[in-house]
Amino acid sequence: MSSDAVAVEVTGELVTRNEVILSTGEFDRRAHAMRGYGYPPGQAIRGAFGYLFLAAGLPIIKTYEVNAEPVLYFKDALPYHHVDGGILYPVITQEKYVNYQCQKCRDILRYPSFKSVITKTRLDRYKGTVSMMWRQEGITKITRFRFRIIVKLKHEGEENLAALIAVLRFVEENGLALGKRSMKGSGRLQLEKLSYKLITGADIEKRAAELRDKDTIRVRLLSEAIVREKGTNLTVIRGNNFLWSVKNAAKNFNYDYKNFSAGVKLISYETSKPYPLGFLDLKLSGGRPEIAIPKGSTFTYRIEPGAPAEFYTALALLERCHGIGNRVSSGKGEIIIE
Ligand SMILES: [Zn+2]
């Protein structure tokens, strides 16, 4: 791979300024309330930026079209441990629950953030009555989250980067509005500590060299993954599915992609019950929700000897920039290789 810039990594911190209501669309019978996410998933942040690109009339919005090649890869806004600021990574417990482990003190937490049930009413101003009442889980304490976007530089990279920077400046000044009732003032997050880092071919090759020394790799999902094969959502990522994703990362980020072959075999895995996940485009087209492989799942693969250098370059790209499976530009399938 050439030493040219591959991508720009935009990082920062999102801080809640008031309640943030990110509905999952499911009803919790015990709490008698709609469930809410414990932190903003990549698709929520992508949606909010899409709205801003559209409002500003920026052509980057075309990269949001269903069949367009993505340019911006929005990652889940993983929370920081309130005690020491360590980032919380999802893990699967022995009882098969998704918990969160602080990468600083190694403590395992059951919940990624503090949520409580918010009760809201809807007023009928004509009749002068309370027409409806709803209960919804929301993030109600000040929480800090990791903000991360990967900007691909392959096609019209500079123009897209300029558009993103313009909108990021706006967000730094005005905050980001996320989730339900954000039109009414809820769901305000402040963007702080924004920084830009160039990811070069040399950075990718350095990581590729480290990965080459391993004959088995353990892949941890930092976000849910949606992996399809012949139109069906999979619940286990087999070696061939993993290899497909590795090649896909290289295709998406490399100008000079050439096909390669490598022997990748799934030897063990640890996961939990898959669950349905709705997306706006599916809702609009009347499609069924996708089935997601839970975050925190791990898959261990054996790499057969003789895998070409291109394989490891692609593997490093998958980890740093891309992700496993589908909808990676919405934060799905983010991984680390352990
Ligand atoms: Zn900690």
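Structure's up top.
What comes next concerns the included structure. No experiment lies behind these values; they were computed from the predicted model shown. (Residues numbered from 1 in each chain as written. Predicted model: local features only at pLDDT ≥ 70, side-chain atom pairs only at ≥ 80, totals over all residues. Heavy atoms only, no water.)

## Things to note about the pairing of strand 2 (residues 23-28)
For a regular strand, side chains alternate in direction, first toward one face of the sheet and then toward the other.
Right, so step 1: Here 3 bridges tie strand 2 to strand 3 (residues 33-36), and the two strands are oriented antiparallel to one another. If you follow Asp28 over to strand 3, its bridge partner there is Ala33.
Right, so step 2: Taken together, strand 2 and the strand that follows it, strand 3, pair antiparallel across an intervening segment of 4 residues, in which His32 is found at a positive phi of about 55°. (Pairing = 2+ DSSP bridges. Helix = DSSP H or I, 4+ residues; strand = E, 2+ residues; numbered from the N terminus.)

## Details of the coordination of the zinc ion
Right, so step 1: Surrounding the zinc ion are the protein donor atoms His81 (ND1), Asp84 (OD), Asp84 (OD), Cys102 (SG) and Cys105 (SG), at 2.1 to 2.5 Å.
Right, so step 2: The sequence pattern describing where the donors of the zinc ion fall on their chain is H-x2-D-x17-C-x2-C. Of this pair, His81 sits in the loop between strand 4 (72-74) and strand 5 (88-92) while Cys102 sits in strand 6 (residues 98-102), and the two are 21 residues apart along the sequence. (Donors = N, O, S within 2.8 Å, 3.2 Å for Na, K, Ca; no water.)

## Observations regarding the pattern of salt bridges
Right, so step 1: Throughout the structure, instances matching the rule amount to 20 salt bridges.
Right, so step 2: Arg144 serves as the salt-bridge partner of Glu192, at 2.5 Å between the closest nitrogen and oxygen. Taken together, the residues Glu192 in strand 12 (residues 188-200) and Arg144 in strand 10 (residues 144-152) connect sequence positions 48 residues apart.
Right, so step 3: Look at Arg144 and you get partly exposed, because its relative accessible area is 31%.
Right, so step 4: Beyond isolated ion pairs, a larger network of salt bridges with shared partners links Glu9, Arg146, Arg148, Arg320 and Glu334. (Salt bridge = Lys/Arg side-chain N within 4 Å of Asp/Glu carboxyl O. Buried < 20%, exposed > 50% of the residue type's maximum accessible area, 1.4 Å probe, protein only.)

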